[in-house]
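# A structural walkthrough
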There are 2 protein chains.
Amino acid sequence: MRVTINDIAKAANVSPATVSRAIADSPRISKATKKKIFKIMEEMNYYPNVIARSLARKSTNIIGILVMGTTEKAFQHPFFPEILRGVASVAYKNKYKILISSVTNMDEQREIVDDLTQSGITDGILLLSSGVKDPSITYLKEIQFPFVVVGRPDNENEVNWVDNDNISVGYKMTQHLIEMGCTEIAFLGVDRKFIVTLDRLKGYKMALQDNNIALNEDLIVEGKFVDDTGYELMKNLMEKGIVPSGVIACDDLLAFGVIKYLNEKGLKVPDDVAVAGFNNVPLSSYFTPPLTSVDINAFSLGAKGFELLMACMKSEYKSFNRAIIPTQLIIRESTLKK
Amino acid sequence: MRVTINDIAKAANVSPATVSRAIADSPRISKATKKKIFKIMEEMNYYPNVIARSLARKSTNIIGILVMGTTEKAFQHPFFPEILRGVASVAYKNKYKILISSVTNMDEQREIVDDLTQSGITDGILLLSSGVKDPSITYLKEIQFPFVVVGRPDNENEVNWVDNDNISVGYKMTQHLIEMGCTEIAFLGVDRKFIVTLDRLKGYKMALQDNNIALNEDLIVEGKFVDDTGYELMKNLMEKGIVPSGVIACDDLLAFGVIKYLNEKGLKVPDDVAVAGFNNVPLSSYFTPPLTSVDINAFSLGAKGFELLMACMKSEYKSFNRAIIPTQLIIRESTLKK
DNA sequence: CTGAAAGCGCTTACAG
DNA sequence: CTGAAAGCGCTTACAG
């Protein structure tokens, strides 16, 4: 049998209440008593049962993370583990545990959100997805359950969220390509289900405008966001007879496919076509040529997201907080035209 | 206030015990009573409190996953999310939840294992690491806590584990390179802390022997397993004046670095040097040239790992089970010498 | 087929 | 500074 708080109480000649208070380091217990209790706990190898504690406290110190993996590739994207590392690092320091669920579609997500919130297992939820019109967000707001979205949601003023400034991210990259002399810049991988891609596109458009470059809708290509379909997207574009001088892909993985296709067509990157991605995956620096990208600081997204969630779980005052994580444009050979 | 089993009992004019049994679909409750109870549960929007249930049942239906991320890069490796997907998929079907912890060293791992096992939060543990002389394994065996290791541990006959046959994996790849005409084959990324690298090395040696190729210890290079240090490892090797005709790297990430270095030195892959990796990361097919690798079926590793763990948590009969997940050699241009 | 009661292992308002 | 008691919301052996 495992040793309980009652065993400790008996051995220490105090009440279970006193042991409980000693563990919680209550100022109402004398130092001497605490010391005695801790000694006995040590000797008897006592560990508090967190389930019992959770039931009594009506709080578990567990948060749920929902990873929306629309495709396998999305889930394999290195930026998820990075966000997770960020969350875990802050959570660990604050004695929180992390329950993880990966979901493949919105319906499944709603089901899991339902379970996680109603079963009493989690104190708060972190949504790693920023789907447009996300039903989970509506629901979580409705039941007033603490949650934070990593990724700006569409109702941004009524939700706690953390994200990069993706408009600025798109702007910076476009500006960079323009400075490299590109005028016909294709923008690949716009996925209307993901706000992040729409924001980056918005930044792209703004940069063109600021540089008096006319917008050519043909250069904007919809497609999956995080996937390895860059090859096909580029192929489709060029088979329409369009050969841009620069290509911005919404994710590095797409950019790799783009470069592969260009290589096959005998076009040189960056001299014939400059190519850039976003999210700065670890391999971008090893690609041939090394890929220009934007580091989104996924670790910080996760860490900050958890901080917001903690605030949200603790505070009795309702508010909607947001946090913007800075990004860095990482210029590599793939856009450095001679 | 949330609605409890007692509220349902009152509304249905039965005892809480009956409601509890109805939820558990006990055959001892009449169909009529069940129907009445379910209807009321629905109406009152009742969800069982899993914490209370866990306390009463002394079992939580939560498993803990420990990801050993010795380096950031290791954690970012696409094969972790893939394993996780596999675990999650089977866990979800069986109504298990997943608690995830990432640890950066063995001491931290022990601490977390301690917490996870003693606090009563998890019913079983999945270790995603196969460190040599892992203290957590020793401990888990000692306290007889249900656990499974993904990756063959050194005391393989006293532990439940799932893994690929990494000796065979190393053998297959080496054999392939030999068939491509390579005789001087370098083997990069042997990390004595990771059994998987030692096993692959063993397969390499066996293949050489079977083909009557003398082992040249200079061609075996120790290094980090999952990291982007391939460039340096290859550089060190060649600066000793060694130019192999084939290179096998213990992970695709290393192989990418190797190819980058070879490119810089003006050596053609595969014609001058054939290069292969392991683990078949998503980008391997997009690399220039596309990289020969071995698919380890990470999803299956995870799924099977969880199955073993379930068996281990449920069975009253002690046994040590293992599962071997098949692998596929994926031959791409990087080793296809003309 | 159903219920009363004890129990899971904690916490905490109340009382002293 | 400490304790007795009630309570968190379930489950289950026992009894009928």
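Parameters and conventions
- Residues numbered from 1 in each chain as written.
- Chains lettered and ligands numbered in written order.
- Predicted model: local features only at pLDDT ≥ 70, side-chain atom pairs only at ≥ 80, totals over all residues.
- Heavy atoms only, no water.
- Salt bridge = Lys/Arg side-chain N within 4 Å of Asp/Glu carboxyl O.
- Domains from an automatic or database assignment.
- Contact = heavy atoms within 4.5 Å.
- Buried area = accessible area lost by both parts, 1.4 Å probe.
- Polar contact = N/O pair within 3.5 Å; in protein donor to acceptor, adjacent residues only side chain to side chain.
- Helix = DSSP H or I, 4+ residues; strand = E, 2+ residues; numbered from the N terminus.
- Near = heavy atom within 4 Å.
- Nonpolar A, V, L, I, M, F, W, Y, C, P; charged D, E, K, R; others polar.
- Least-squares fit on C-alpha atoms with pLDDT ≥ 70 in both.
- Expected span 1.5 Å × (residues − 1).
- Buried < 20%, exposed > 50% of the residue type's maximum accessible area, 1.4 Å probe, protein only.
- Pairing = 2+ DSSP bridges.
- Axes fitted to C-alpha atoms, helices over the stretch in contact; angles between N-to-C directions.

### Re the pattern of salt bridges
Enumeration according to the criterion identifies 26 salt bridges over all chains in this entry. Bridged by salt links that share partners, the residues Arg-152, Glu-156, Asp-199 and Arg-322 of chain A form one connected network.

### Focus on the domain arrangement of chain A
When cut into domains, chain A gives domain 1 (5–48), domain 2 (62–164 + 298–325) and domain 3 (166–296 + 330–335). Each of domain 1 of chain A and domain 2 of chain A was reduced to a C-alpha centroid, and the two centroids are 37 Å apart.

### A closer look at the interface of chain A and chain B
Interface extent is often summarised as the accessible area lost during association of the parts. Each partner contributes to the interface: chain A provides 53 residues, whereas chain B provides 53 residues. Surface buried jointly by chain A and chain B totals about 4,800 Å² across both partners, of which 65% is contributed by carbon and sulfur atoms. Seen at the junction of chain A and chain B, the total is two salt bridges. Between Lys-97 of chain B and Asp-115 of chain A there is a salt bridge; the shortest N-O distance is 2.7 Å. There are 14 residue pairs in polar contact (both at pLDDT 80 or more) connecting chain A and chain B. The set of elements that each furnish at least two residues to the side of chain A that touches chain B consists of helix H4 (50–57), helix H5 (72–76), helix H6 (79–93), strand E2 (97–103), helix H7 (106–118) and helix H12 (252–264) of chain A. If you tally residues by element for the side of chain A that touches chain B, the top one is H7 of chain A, at seven residues.

### A few points about the protein's contact with DNA strand D
In the vicinity of DNA strand D there are 28 residues, among which Thr-18, Arg-21 and Arg-28 of chain A together with Ser-20 and Arg-21 of chain B approach most closely. The sugar-phosphate share of atoms of DNA strand D within 4 Å of the protein amounts to 64%. A distance of 2.7 Å separates a phosphate oxygen of DNA strand D from a polar backbone atom of Ile-5 of chain B. Between DNA strand D and the protein, one listed contact pairs a base nitrogen with a side-chain N or O atom of Arg-28 of chain B at 3.3 Å. Mapped onto the surface near DNA strand D, the elements with two or more residues apiece are helix H2 (16–23) and H4 of chain A together with helix H2 (16–23) and helix H4 (50–57) of chain B. In terms of residues, the surface near DNA strand D owes the most to one element, H4 of chain B, which gives four residues. Across the surface near DNA strand D, the residue classes break down as 13 nonpolar, eight polar and seven charged.

### Notes on the protein's contact with DNA strand C
Lining the immediate environment of DNA strand C, one finds 28 residues, of which Ser-20 and Arg-21 of chain A together with Thr-18, Arg-28 and Thr-33 of chain B sit closest. Near the protein, meaning within 4 Å, the atoms of DNA strand C are sugar or phosphate in a fraction of 64%, with bases accounting for the rest. Ser-15 of chain B is positioned with one of its backbone polar atoms (N or O) 3.0 Å from a phosphate oxygen of DNA strand C. Those elements that place two or more of their residues in the surface near DNA strand C are H2 and H4 of chain A together with H2 and H4 of chain B.

### A few points about the relation of the copies chain A and chain B
Put simply, the two copies of the chain differ by a rotation about an axis and a shift along that axis. For the pair chain A and chain B, the relating rotation is 180°, the translation along its axis is 0.0 Å, and the fit reaches an RMSD of 0.1 Å. Taken together, the rotation and translation describe the operation of a two-fold axis. In terms of C-alpha distance to the rotation axis, chain A has Leu-99 of chain A as its closest residue, with the C-alpha 2.2 Å off the axis. A shared binding surface is used by both copies, with 100% of the interface residues of chain A retained as interface residues in chain B.

### A word on H6 of chain A
All names here are of chain A. Here H6 is 15 residues long and its end C-alpha atoms lie 22 Å apart, about the 21 Å a rise of 1.5 Å per residue gives. Taking burial as the measure, the 15 residues of H6 include twelve buried ones, the bulk of the element. Looking at H6, one finds that the buried residues are Phe-79, Phe-80, Pro-81, Glu-82, Ile-83, Leu-84, Arg-85, Gly-86, Val-87, Ala-88, Val-90 and Ala-91. One or two steps after H6, the chain reaches Lys-95, where phi turns positive at roughly 60°.

### A short note on the sheet that holds strand E6 (residues 185–190) of chain B
Residue and element names in this part refer to chain B. Pairing is parallel across the open sheet formed by four strands, whose spatial order is E7-E6-E8-E9. Strand pairing shows two members of the sheet lacking a second neighbour, strand E7 (220–222) and strand E9 (274–276), which therefore form its edges. The average undirected angle you get between the axes of adjacent strands in this sheet is 15°. Sheet topology places strand E8 (residues 246–249) next to E9; three bridges connect them, and they run parallel. Paired with Val-247 across the bridge in E9 is Val-275. In this fold helix H10 (residues 195–210) packs onto E6, E7 and E8, with an angle of close to 165° to the strand it touches most, E6. Packing against the sheet, helix H11 (residues 230–239) makes contact with E6, E7 and E8, and its axis sits at approximately 135° to E6.

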